[in-house]
Amino acid sequence: YDKEKPKQLSCLLKHKDKLLCGGDNDIFIIDINTLTLDHIIHQAHNERISCFYISENYLFSGGCDSIIKIWNLSNESKIECKGHSNTISSLLINSNVLISGSYDCTVRLWSISSGKCLKVFQGDEDKILSLMLLPSGMIAVGTYKAVDIWDFKKGKIFQTLECFKGYVSTML
């Protein structure tokens, strides 16, 4: 890491005692207890990193290069998921399926083991900004000025909540 050329921080995620930072196209893993840099994944993406998700065995990263990368933390292998045509904005896991949202107005389901796209759901005309798994198994999808509740079993939007004056960029 070159301290003379600091990276622009684009996303941040805390997981247990680690802090993951997306800086330009590199991933930095910092130990929170010692405040030391544990690991750097150089050139993780071709463009800026836009989002992260982490599970016990995998780190998932999405970029402005329209690619999702699945990093196996136990053997350091990676799988690329290609299919989106714009920035990846949000990632989450449901069982063994990776769910991604993108500025290309789609939500995609991916196999974690192979990186193969399992299904594509086309949204309306708004970019997908955020995703949240609901207790019902449906997915809340944040867009410009609305939250769409998607029923993936039926393959369509179940309900739209249009009560916002701005972007719904984060849902916790």
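Data block above holds the structure.
Residues numbered from 1 in each chain as written. Predicted model: local features only at pLDDT ≥ 70, side-chain atom pairs only at ≥ 80, totals over all residues. Heavy atoms only, no water.

A. Representation of the sheet that holds strand β3 (residues 26-31). Spatial ordering of the open sheet is given by β1-β2-β3-β4, a layout of four strands whose pairing is antiparallel. Looking along the sheet, the strands with just one partner apiece sit at the ends: β1 (9-15) and β4 (36-41). Across the sheet, the mean angle separating the axes of adjacent strands is 20° when strand polarity is ignored. In this structure, β1 lies alongside strand β2 (residues 18-23), joined through six bridges in antiparallel fashion. (Pairing = 2+ DSSP bridges. Helix = DSSP H or I, 4+ residues; strand = E, 2+ residues; numbered from the N terminus. Axes fitted to C-alpha atoms, helices over the stretch in contact; angles between N-to-C directions.)

B. Structural view of unusual backbone geometry. Residue Lys16 is not a glycine yet carries a positive backbone phi of 50°. Tracing the backbone through its elements, the reader meets Lys16 in the loop between β1 and β2. A relative accessible area of 53% places Lys16 in the exposed class. A positive phi angle, near 70°, is found at Cys105, a position not held by glycine. Note on Cys105: relative accessible area 11%, which makes it buried. (Buried < 20%, exposed > 50% of the residue type's maximum accessible area, 1.4 Å probe, protein only.)

C. Spatial organisation of the pairing of strand β11 (residues 106-111). Within β11, six of the six residues are buried, leaving the element largely enclosed by the surrounding structure. Here β11 shows a buried face lined by Thr106, Arg108 and Trp110 and a second buried face lined by Val107, Leu109 and Ser111. Here strand β10 (residues 97-102) pairs with β11 via five bridges, running antiparallel. The residue bridging Ile99 from the neighbouring strand is Leu109, located in β11. Once β10 ends, the chain turns through three residues before running back antiparallel as β11, passing Cys105 with a positive phi of about 70°. As defined by bridge partners, β11 adjoins strand β12 (residues 117-122) across five bridges and the pair is classed as antiparallel. Paired with Arg108 across the two strands is Val120, which belongs to β12. In this structure, the hairpin formed by β11 and β12 is closed by a connection of five residues, where Gly115 is found at a positive phi of approximately 80°.

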